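Okay, here's what each chain looks like letter by letter:
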Amino acid sequence: MKYHLIGIGGIGVSGLAGLLKAKGHDVRGSDEHLYLPMSEYIAQLEIPVFEGYLKENLAWNPDVIVVGNVCRETHEEVVEAKRLGLPLASFPEVLNEQFLTDKEPIVVLGTHGKTTTTSLIAHLLSDAGQDPSFLVGGIPSNFGKNWQLGQGKYFVVEGDEYDTAFFDKKSKFLHYPPKIAILTSVEMDHVDIFDDIEHVRAAFTEFVVNMPPDGLLLVAASSPEALLISEKAPCPVQIYSCSEHDNSIEVDWQARALDILPVGRSSFSLAHQGNKKGTTEHYETKLLGQHNVENIVAAIAVGYACGLEHAVIQNAVASFSGIARRQEIKGLAHGVLVIDDYAHHPTAVAQTLQAMRQWLGERRLIVLFEPRSATSRRNLFQNDYVDALSLADVVFIAPVFRGEELDDHERLDIFELAHDLHTLGIQTVPYTDLNDLVSEVVDYVHPGDVIITFSSGNFDNIHEKLFHEFEDAIVPAKTSDIESIGQLLSDSQVSDWAIRNNNICNFHVLRNKQRIIGCIGLCVFEKQAILHSLAVTEMFRSQGYGWILADRIIVDVKQRDIKDLYLFATEQMSDFFSIKLGFTPISWNKLPTNIAQSELSKQFDPEMFFPMKVTV
């Protein structure tokens, strides 16, 4: 069939587009403005996209028009579709009809934690060889995309409570028939579609009461609303928690002894019904914070319900690399670490800052907050944002996104917010111009500071602007960097094999205001990895940039729980890696089989190169 997707730049709709194409359908879409990273992501799908919404976009005669949330009944393409007699369908409607009917759906819903929990479950099942299908509202790093059409029996889907389409005002998750469901939390949110908490509660309750009797509902002990709603489930219910929660609640899965390690990983123990009496299981993860550990416990419980072995689950939790825009390190510049997080609800902002504070200790936490979502733009949580942001050392508040669309009495007052934070001793500055904010931040910060950005959108590409102003920033490479990296490697007489084989996601680059002046790559094999493609432009060599690039990658290696790091060096290079980074030369026959037989290793001539290793 031929599907035309309106609003294909949305994370969910783009994922559906990928699924439909993978199933063999002819897929095209339209969107008004595509920004990074979605423009780059959709380009990789090789799906034709019409820029702008025009009736002419339907001239290719599609069979079905998939209507995203961006549409209203007066939308130009909707009006044209009706004129042509083309059927309109919603994104969740098509997802259910095309992909869920012959699978066992695992649905994750709740105000917070959906994306992380969904991604974790997909990763656990994938690591266990179950080949699941999934669709998630973020980009899990382990997959590099937010969808997968697998051959296994499970389909893991993030269940959004937002409404479905202009012709269907029910929550999206009501279209998904679950076998297993996770209810992470229930709070007031999406004030543009929910009048009050009663309406939020009603939506989640409708989902829960329609669970199949032979299904399973997992619910978080930390959410009183979720617990109350779960009492209406007609199926077995299991409760999961962290030990900090109310001990009077009888739980089935409990994380204990949560600790954040200096390398930026969390550890915890887990007790549950399947444990032998008095025993616990130990886990480590890259994810930080009590809220993330709670999400992990839910994913582990699903893993056990699907029959996975403990060792498989334990290894998968350890190897999960996180999700784009969830505590994502965007780069390092002049000793300033820049982290991005999607959090916009005050509860999520507070949870993320608590986790960052535990990890980073006394380093200054400098928050850049953009009130962008329908909820954060309004003053419903005016006081709650004071409590959440007070966990920072310094707060820069961006203008309310499209604030002119809201009346004064309902819009978040950023000046009042700044005043209230200032009275608590938190240095806070509100801005009416984003460019002024960027300039002030760059002038203000010092080496050792940590910038954390909070926004539900692209924040006007604020990270690009920050790094441009900083200069000498080390950031993950983009597809558009391929040509520049290839030229740098060629000039440095370093193999460009990794670039030619589309391993751009494993590269970091060092930029100044004009161009890329350095690069480095990492090829990961579970608990082992190969450092490769370290190169610096000739005029900038001997200035320490190579060491800075390598050091940045080793931080990433530690967070990802990689134990052994390898590289291939010449005699001329070996002193640098030995003295600066602690690598030790080893013989070729001492390489692990998976490293020795990798395509990357085969690019190095044993007559010229020898392996080096460091245990991280």
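Presented here is a report on the structure given in the accompanying data block. (Residues numbered from 1 in each chain as written. Predicted model: local features only at pLDDT ≥ 70, side-chain atom pairs only at ≥ 80, totals over all residues. Heavy atoms only, no water.)

### Side note on the environment of Gln543
Here Gln543 shows up in the loop between strand S27 (528–536) and helix H17 (545–559). At 3.3 Å, the side chain of Gln543 forms a polar contact with the backbone oxygen of Met539. (Helix = DSSP H or I, 4+ residues; strand = E, 2+ residues; numbered from the N terminus. Polar contact = N/O pair within 3.5 Å; in protein donor to acceptor, adjacent residues only side chain to side chain.)

### Observations regarding helix H13 (residues 434–444)
Along H13, the positions that sit buried rather than exposed are Leu434, Leu437, Val438, Val441 and Val442. Around the axis of H13, the buried residues are gathered within 125° of arc, so they sit on the same side. In this structure, the buried side of H13 is in contact with strand S20 (365–369), strand S21 (394–397), strand S23 (450–454) and helix H14 (462–470). Capping of H13 at its N-terminal end is provided by Asp433; its side-chain oxygen lies 2.8 Å from the backbone amide nitrogen of Asn435. (Buried < 20%, exposed > 50% of the residue type's maximum accessible area, 1.4 Å probe, protein only. Arc of directions from axis to C-beta. Contact = heavy atoms within 4.5 Å.)

### Some details on the pattern of salt bridges
Any two side chains of opposite charge can pair, so long as their charged atoms come close to each other. All chains considered together, the criterion is met by 27 salt bridges. Residue Glu225 is joined to Arg201 by a salt bridge in which the shortest nitrogen-to-oxygen separation is 2.6 Å. Of this pair, Glu225 sits in helix H7 (residues 224–230) while Arg201 sits in helix H6 (residues 197–209), placing them 24 residues apart in sequence. In this structure, Arg560 and Asp556 form a salt bridge, with 3.6 Å as the shortest nitrogen-oxygen distance. With relative accessibility at 11%, the residue Asp556 sits in the buried group. Salt bridges sharing common partners tie together Arg265, Glu284, Lys527, Asp561 and Lys563. (Salt bridge = Lys/Arg side-chain N within 4 Å of Asp/Glu carboxyl O.)

### Section: the sheet that holds strand S12 (residues 180–183)
Pairing is mixed across the open sheet formed by 10 strands, whose spatial order is S8-S7-S9-S6-S12-S13-S14-S15-S16-S17. For this open sheet the edge positions go to strand S8 (147–148) and strand S17 (281–285), each flanked by a neighbour on one side alone. With 3 bridges connecting them, strand S14 (residues 237–242) and strand S15 (residues 253–260) associate as parallel partners. Bridge pairing in S15 links Tyr240 to Trp253. (Pairing = 2+ DSSP bridges.)

### So, the packing of aromatic side chains
For the structure on display, the rule yields 16 aromatic pairs. Seen in terms of ring centroids, Phe396 and Tyr431 are 6.1 Å apart; in terms of plane orientation they differ by 25°. Their pairing is stacked. One end of the pair, Phe396, is in strand S21; the other, Tyr431, is in the loop between strand S22 (427–430) and H13, and 35 residues separate them in sequence. Its relative accessible area of 4% is what places Phe396 among the buried residues. Taking 5.1 Å as the distance between ring centres and 75° as the angle between the ring planes, the aromatic pair formed by Phe604 and Phe609 counts as edge-to-face. (Phe/Tyr/Trp six-rings, centres within 6.5 Å; stacked < 30°, edge-to-face > 60°.)

### Quick notes on the state of the cysteines
Under the definition given, this model contains 0 disulfides. Here Cys235 stays unpaired: no disulfide links it, and the sulfur of Cys306, its closest cysteine neighbor, is 14 Å away. Under the relative-accessibility criterion, Cys235 is labelled buried at 8%. (Disulfide = S-S within 2.5 Å.)

### Re the packing of helix H8 (residues 290–305) against helix H9 (residues 310–319)
Across the interface, H8 lies against H9 with an axial gap of 10 Å and an inter-helix angle of 150°. Here H8 is positioned roughly antiparallel relative to H9, judged by the angle of their axes. Handedness of the H8/H9 crossing: right-handed. Along the contact surface, H8 presents Ile296, Ile300, Gly303 and Tyr304, while H9 presents His310, Ile313 and Val317. (Axes fitted to C-alpha atoms, helices over the stretch in contact; angles between N-to-C directions. Parallel < 35°, antiparallel > 145°, perpendicular 65-115°, else oblique. Left-handed = near helix turned anticlockwise from the far one by under 90°.)

### Side note on the side chain of Glu158
Tracing the backbone through its elements, the reader meets Glu158 in strand S9 (residues 154–159). A polar side-chain atom of Glu158 sits 2.9 Å from a polar atom in the side chain of Thr115. Reaching out from Glu158, the side chain makes a polar contact with the backbone nitrogen of Gly137 at a distance of 2.7 Å. With residues near it in sequence (within four places) discarded, Glu158 still touches Val108, Lys114, Thr115, Thr118, Leu135, Val136, Gly137 and Tyr176.

### Overview of the nonpolar core
Grouped together as the largest cluster of nonpolar side chains are 87 residues, with contacts concentrated most on Leu5 and Leu183. Considering every element that reaches this core, the biggest residue donor is helix H10 (residues 346–360), with 8 residues. Apart from residues lying up to four places away in sequence, Leu183 is in contact with Leu109, Gly110, Phe204, Val208, Leu217, Leu218, Val219, Ala220, Ala226, Ile229 and Tyr240. If you look at the next biggest cluster of nonpolar residues, it comprises 45 residues, including Leu434, Ile462, Phe507 and Leu591. (Core = buried A, V, L, I, M, F, W, Y, C linked by side-chain atoms within 4.5 Å.)

### Quick look at the sheet that holds strand S4 (residues 64–67)
With respect to topology, 5 strands assemble into an open sheet ordered S3-S2-S1-S4-S5, the strand pairing being parallel. Each edge of the open sheet is held by one strand with a lone partner, namely strand S3 (49–51) and strand S5 (88–90). Neighbour to neighbour, the strand axes of the sheet diverge by 25° on average, direction disregarded. As defined by bridge partners, strand S2 (residues 26–31) adjoins S3 across 3 bridges and the pair is classed as parallel. What sits directly across from Asp31, in S3, is Glu51. Docked against the sheet, helix H1 (residues 11–22) engages strand S1 (2–6), S2 and S4, running at close to 170° with respect to S1.

Shape is all these values report; function is a separate question.
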